[in-house]
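Descriptive structure summary
Each chain, letter by letter, is given below.
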Amino acid sequence: MDNLLSISKFDLLDHCLHPTPPLSTQRQLRIQSATNSSLTAALMAYIHYLGYKAFTVFVRLLSSDYSWLVQLVKTPKYKLYPPSSIYYIPSSKDKERKIRIHQYSPPQPMFHSRPRHCANGYWPLISVAAAFCVPALGNEADYCQHLAQKLGITVLDCDYAKAPEYSWLHALADAQDVLGHVFSAGHDRFDLTRVTIGGCSSGATLALCTAATAFPTRETSPLLAVISSHSVTNFTIETAQRFGSAEPAPDGLGLNFPPHMARIILGSFLSQIPPEIPLNDPRVSPVFADPRRYPKTMVFITSEHDILRRDSEEMADKLRGAGLTEDLVVYKAAGVGHIFETLPRNPDSLLVLRTDEAYRTVVDALRRAYNRVGAWE
């Protein structure tokens, strides 16, 4: 009775004019509201995609070696250092798409008892946008050829699906498809005890993610080593926080990231990650993977003027702290910046010296890794 008396005539009038809808109607209203929110979110996502798509088309035209405009002014590196063969394997993620592979074979195999192989899944880049969305297969052709000739191994330079048309999970599936291709070929073609995976920038991130997720444990993983150059290992770090972590590289000695462009590039990548996958998932940020999943040889190439340098250093520190890596190498190139190895260099340039040092670091680490599983023949 007290509760009834406490209701004012205005409350009763409002209840009469606006009665509470029945439960079925409330459910329909909630569904309609959720549908409207989903449609709005889908529309905004599509608008963002169109923006990223327009940006990447423009950058691809100006920077990709596969662009007719770029080929008017320079010879693509993959033509200066032609692969031994080019072939395609099917993508398990998209039946209509194929993965292009440039194979670099040594002039004379260093091993004579049976073919030896190092499957270097280098997903290279040519410019800032190539980090995730510019076709740049072949931009590290000189590096792949150098490893093949110096170590007497087979190097597979592999492409992968690019943003914003495809998600990062498509790229990860492509990397796993290449590994599957290597292992399905068997010992008749490759030595499966000396398989290495690596990459540069986004390719390095992809290599680390693949090594951490393709196999349940180190014991079940056939990978011998991972070579990571200038990788992003932690996408939970805000883009703005990366700036100021390193001074810009001098002109011509490294790729500098203007803040607005970095946000667009990383945005094109992050927008393609399914919402149910958090950014600390090892498939996205390899620094959060269990250290026991990585092979015993890990090589990180960084540079003094690279805003991504801390990513590699922090991941190396985590692996070092776990104490599970037998050969952990971190090379920091002084005086140069991001992806310095891929940039045009004059004979007397600092880039030549630093690139030679980086190449030597990788070659020496792989020699030690090969010797652990069997002496050179």
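For the structure itself, consult the block above.
The structure contained in this document is the topic of the report that follows.

Cut-offs applied
Numbering of residues starts from 1 in each chain and follows the order in which that chain's sequence is written. With pLDDT at 70 or above as the cut-off, local features in this predicted model cover only qualifying residues; side-chain atom pairs require 80 or more to be listed or tallied, and sums for whole chains, interfaces and linings still use all residues. Hydrogens and water molecules were not included; the side-chain quantities draw on all heavy atoms of the structure. Axes, fitted as lines to C-alpha atoms, cover a helix only where it is in contact. Angles between the N-to-C directions of the axes lie from 0 to 180 degrees. Note on conventions: DSSP H or I runs of at least 4 residues are helices, E runs of at least 2 residues are strands, and numbering of each starts at the N terminus. Here the angle decides the label: under 35 degrees means roughly parallel, over 145 means roughly antiparallel, 65 to 115 means roughly perpendicular, and every other value means oblique. For any helix crossing, the convention is left-handed if the near helix is rotated counterclockwise from the far helix by under a right angle, and right-handed if that rotation is clockwise. Contacts are residue-level and defined by heavy atoms, with any inter-residue pair within 4.5 Å sufficient. Relative accessibility thresholds used throughout: buried, under 20% of the residue-type maximum; exposed, over 50%; partly exposed, between the two (1.4 Å probe, protein chains only). In this description, strands pair whenever DSSP reports at least two bridges between them. As used here, the term nonpolar core means buried Ala, Val, Leu, Ile, Met, Phe, Trp, Tyr and Cys residues forming a set that is joined through side-chain atoms within 4.5 Å. Here a salt bridge means any side-chain nitrogen of Lys or Arg lying within 4 Å of a carboxyl oxygen belonging to Asp or Glu.

What follows deals with the packing of helix 6 (residues 141-151) against helix 12 (residues 350-372). Direction vectors running N to C along helix 6 and helix 12 enclose 40°, while the axes themselves pass 11 Å from each other. Our classification of the angle between helix 6 and helix 12 gives oblique. The interaxial crossing formed by helix 6 with helix 12 has right-handed handedness. Together, Asp142, Tyr143, His146, Leu147, Lys150 and Leu151 of helix 6 and Tyr359, Val362, Val363, Leu366, Arg367 and Tyr370 of helix 12 make up the contact between the two elements.

Burial along strand 3 (residues 155-158) is two-sided: Val155 and Asp157 and Leu156 and Cys158, pointing in opposite directions, are all buried. The pairing of strand 2 (residues 98-104) with strand 3 spans four bridges and is classified as antiparallel. In the strand pairing of strand 3, Gln103 is matched with Leu156.

Quick look at the packing of helix 7 (residues 168-185) against helix 8 (residues 202-213) now. Packed helices, taken two at a time, are described by the angle between their axes plus the distance between the axes. Contact geometry for helix 7 and helix 8: axes closest at 10 Å, N-to-C directions at 65°. Between helix 7 and helix 8, the angle is such that the two are roughly perpendicular. With respect to the hand of their crossing, helix 7 and helix 8 are arranged in right-handed fashion. In this structure, helix 7 uses Trp168, Ala171, Leu172, Ala175, Gln176 and Leu179 to contact helix 8, whose residues at the interface are Ser202, Thr205, Leu206, Cys209, Thr210 and Thr213.

Side chains that are nonpolar tend, in soluble globular proteins, to be buried together. Counting residues in hydrophobic clusters, the biggest one holds 30 residues, and the most contacted among them are Leu147, Leu151, Val155, Ile301, Phe340, Val362 and Leu366. Secondary structure elements with two or more residues in this core: helix 6, strand 5 (223-229), strand 6 (297-305), strand 7 (327-337) and helix 12. In terms of residue count, the dominant contributor to this core is helix 12 (nine residues). In this structure, Ile89, Leu156, Val287 and Ala316 belong to the second largest nonpolar core, which totals 28 residues.

As a further point, take the environment of Glu140. Among the secondary structure elements, Glu140 is positioned in the loop between strand 2 and helix 6. Each C-alpha atom, one on Glu140 and one on Glu341, is 8.2 Å from the other, the two residues being 201 residues apart in sequence.

Taken as a whole and judged by the stated rule, the model has 14 salt bridges. Between Arg97 and Asp174 there is a salt bridge; the shortest N-O distance is 2.8 Å. Pair noted here: Arg97 is in the loop between strand 1 (85-90) and strand 2 and Asp174 is in helix 7, with a separation of 77 residues, a long-range link. A relative accessible area of 13% places Arg97 in the buried class. Residue Glu357 is joined to Arg354 by a salt bridge in which the shortest nitrogen-to-oxygen separation is 3.3 Å. With Glu357 and Arg354 both in helix 12 and three residues apart, the pair spans about one turn of that helix. The exposure class assigned to Arg354 is buried, which follows from its relative accessible area of 15%. When salt bridges that share partners are traced, they join Lys77, Asp142 and Arg345 into one network.

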